[in-house]
Structures are given as structure tokens and as C-alpha cells.
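Residue strings, one per chain:
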Amino acid sequence: MDKTTLYLIPCTLGDTELSNVLPAANANIVTSLKYFIVENIRTARRFLKKVDRNINIDELEFFELNGHTPAEVISSFLKPMAEGHSMGVISEAGCPAIADPGADVVGIAQSKGYIVKPLVGPSSILLSLMGSGFNGQSFAFLGYLPIDAAERNKMFKKMEQRIYSEHQTQIFIETPYRNMKLVEDILKNCQNSTKLCIACDITLETEYIKTLTVSQWRKASLPDLGKR
């Protein structure tokens, strides 16, 4: 690591062995760093201990970046880089800067001309797409859908229009406690022929990926998604 670099460090998507989802080379980079920008300090500490149980957590410095972090504070997190120190970015799960606040600090690093290096690791978004059988040439990630029923129904119509007119895959996520309600709303409001892939617990022993039409899902036994 000759040059000052911002490393984007993927972590596991749940309780699984690091060796199953992360290259060994990642550990060499992680253990060489002293400064980390993280979504949650407690989670990040736990992850770093899994990477190397001998790592001295007390020697490390953490900057917490989440949805509540003021925008004007974020650029100050890169101060160690201005002093010649490489840094790492770690999200709660999966790949930093994808569906999490890490993108903001990466954008600042790019504007300042720092080297940004994304490391290889699991992305629930891409792994779900890979396992769905859906179009991987054209797809959109929409994050969380609206909670309001009327707004959500409008979004369903908009997504279906893209599916049928552009053959574009629509990808979205939901919090565990709202999973079942989301599935119920989809089955209630979407066309019979629309295909739905339900994917959860990616890379875990309880991994579930299944694609059926809305019509088929209405007749099928739905998986219990309450805490997944």
C-alpha cells in the first residue's frame, strides 16, 4: 500500500464464515489500516475481530457515517488521508456505498483526487439478480419502496411498465418486519403474469431464492420472511 487509498471493504451479509464470501487478500489490507469510516462502530469492531482476532481495536480510529450524519461533517472524516494515511469504509452488511451512506464519502474522496479501491465481496442486490433468472443486461435498483399504500401502488404500476415496455428488472429491498406486508401488497396489486423473485438470507445456510409468477405465488406457500 504505497499510495494513500480509500478502501471499500465488504463484510458478510449475516452470520457466515468470512472465508466463504471474502478473499483472503482483503484481510491483509484490513489489518494494515488504522482509520475506518463505518456505518456502525459496534458492528464494525465485531467484523474486524472476525477478520483478525488479534487485532488491537483500541489502536484504531472510527468515524461513524450513517443517515443521521450531517453532510458538512462527512468531509472531515477524510482528514487522515490528507495526512497520508489510507482508510477503510465498512457498511453494516455487504458492499459499502451500495444502498448505504458510504457513497457520500466516496464522492468526496473522488473530488479530492484520492485513490478509491473497491474490494471484492458479497452484494445481496447482485447475488439476488444472478439467482432470479431475470434480465441482467438492464436493471434498476430502487432501494426501499414507499410505505404509504397509495404511493406504493403507484410504484408497482411504474415498475411493471418498465418490466413490460423495457424488459428491465426492478430490484428493491425491505426491512424484515415489513417483508410479509410487501409481498402481500405485490400479490394483491400486480398482474398475474408479472414474475416475482423472493430472495433472502443470501450466502447464509437459510438462503432462499425462488422465482414464480404473481399468479403462481398466490397459490404457493409463502416463506416466512418475518425476521429475514
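Everything numeric in this text was worked out from a predicted model, so none of it was measured.

### Re the overall build of the protein
- Each helix and strand in the protein was counted, giving 10 helices and nine strands.
- Considered along the principal axes of its C-alpha atoms, the protein spans approximately 60 × 35 × 30 Å.
- The long-range share in the protein, meaning contacts at least 24 apart out of those at least 6 apart in sequence, stands at 71%.
- Per element, the accessible surface of the protein, about 12,700 Å² overall, is 50% carbon and sulfur.
- Seen as two clouds, the 25 positive and the 25 negative side-chain charges of the protein have centres 5 Å apart.

### A few points about the sheet that holds strand S1 (residues 5-9)
- Spatially, S3-S2-S4-S1-S5 is the arrangement adopted by the five strands of the open sheet, whose pairing is parallel. Only two strands of the sheet have a single partner each, and these edge strands are strand S3 (61-64) and strand S5 (115-118). Mean inter-strand twist for the sheet, computed between neighbouring axes without regard to direction, equals 25 degrees.
- Relative to S3, strand S2 (residues 35-38) is paired through four bridges, and the arrangement is parallel. When the bridges of S3 are listed, Phe 36 appears paired with Phe 62.
- Sheet strands touched by helix H3 (residues 41-51): S1, S2, S3 and strand S4 (87-90). Its angle to S3, the strand with the most contacts, is close to 140 degrees.
- Its contacts with the sheet put helix H6 (residues 102-111) on S1, S2, S4 and S5, and the angle it makes with S1 is roughly 155 degrees.

### Notes on helix H8 (residues 149-166)
- The end-to-end C-alpha distance of H8 is 25 Å, a good match for the 26 Å that 18 residues give at a rise of 1.5 Å each.
- Within H8 the residues assigned to the buried category are Arg 152, Phe 156, Met 159 and Glu 160. Down the axis of H8, the buried set is contained in an arc of 100 degrees. They therefore lie on one face. Among the exposed residues of H8, those oriented more than 90 degrees off its buried face are Lys 154, Gln 161 and Ser 165.
- Near the N-terminus of H8, the side chain that reaches the backbone nitrogen of Ala 150, with its oxygen 3.2 Å away, is that of Asp 148.
- Following H8 by one or two positions, His 167 has its phi on the positive side, about 55 degrees.

### Examining the environment of Asp 201
- With respect to the secondary-structure elements, Asp 201 resides in the loop between strand S8 (195-200) and strand S9 (208-213).
- Overall, the relative accessible area of 17% leaves Asp 201 in the buried class.
- Through-space distance from the C-alpha of Asp 201 to that of Thr 31 is 28 Å; in sequence the pair is 170 residues apart.
- If sequence neighbours within four positions are ignored, Asp 201 has contacts with Thr 206, Glu 207 and Arg 228.
- At 2.7 Å, the side chain of Asp 201 and the side chain of Thr 206 are in polar contact.

### Thoughts on the nonpolar core
- Among the nonpolar cores identified, the biggest contains 21 residues, and Ile 9, Phe 36, Phe 47, Leu 48, Leu 60, Phe 62 and Ile 90 are the most heavily contacted of them.
- Secondary-structure elements contributing two or more residues to this core are S1, helix H1 (18-21), helix H2 (24-30), S2 and H3.
- Among the elements that line this core, the one with the most residues is H3, at four residues.
- By size, the runner-up hydrophobic cluster in this structure holds 18 residues, among which are Ile 37, Leu 65, Leu 78 and Ile 108.

### Observations concerning the packing of aromatic side chains
- Inspection of every chain in the model, using the stated rule, returns two aromatic pairs.
- On the basis of an interplanar angle of 25 degrees and a centroid distance of 5.9 Å, the ring pair of Phe 36 and Phe 62 is categorised as stacked. You can see Phe 36 sitting in strand S2 and its partner Phe 62 sitting in strand S3, a full 26 residues away along the chain.
- Overall, the relative accessible area of 0% leaves Phe 36 in the buried class.

### Side note on the pattern of salt bridges
- If you walk through the whole model with that rule in mind, you get seven salt bridges.
- For the salt bridge of Arg 152 with Asp 185, the shortest nitrogen-to-oxygen distance reads 3.2 Å. Separated by 33 residues along the polypeptide, Arg 152 in helix H8 and Asp 185 in helix H9 (residues 179-189) bring together distant segments of the chain.
- Classification of Arg 152 as buried rests on a relative accessible area of 3%.

### Overview of the pairing of strand S7 (residues 169-173)
- The pairing of strand S6 (residues 139-144) with S7 spans four bridges and is parallel. By the bridge assignment for S7, Ala 140 is matched with Gln 170.
- For the segment spanning S6, H8 and S7, crossover handedness is right-handed.

Here is what the cut-offs are and how they apply
- Residues numbered from 1 in each chain as written.
- Predicted model: local features only at pLDDT ≥ 70, side-chain atom pairs only at ≥ 80, totals over all residues.
- Heavy atoms only, no water.
- Helix = DSSP H or I, 4+ residues; strand = E, 2+ residues; numbered from the N terminus.
- Contact = heavy atoms within 4.5 Å.
- Areas by Shrake-Rupley, 256 points an atom, 1.4 Å probe, with all protein chains shown as cover.
- Lys, Arg positive; Asp, Glu negative; His and termini not counted.
- Charge placed at Lys NZ, Arg CZ, Asp CG, Glu CD.
- Pairing = 2+ DSSP bridges.
- Axes fitted to C-alpha atoms, helices over the stretch in contact; angles between N-to-C directions.
- Expected span 1.5 Å × (residues − 1).
- Buried < 20%, exposed > 50% of the residue type's maximum accessible area, 1.4 Å probe, protein only.
- Arc of directions from axis to C-beta.
- Polar contact = N/O pair within 3.5 Å; in protein donor to acceptor, adjacent residues only side chain to side chain.
- Core = buried A, V, L, I, M, F, W, Y, C linked by side-chain atoms within 4.5 Å.
- Phe/Tyr/Trp six-rings, centres within 6.5 Å; stacked < 30°, edge-to-face > 60°.
- Salt bridge = Lys/Arg side-chain N within 4 Å of Asp/Glu carboxyl O.
- Right-handed = clockwise from strand over helix to strand, strands pointing away.

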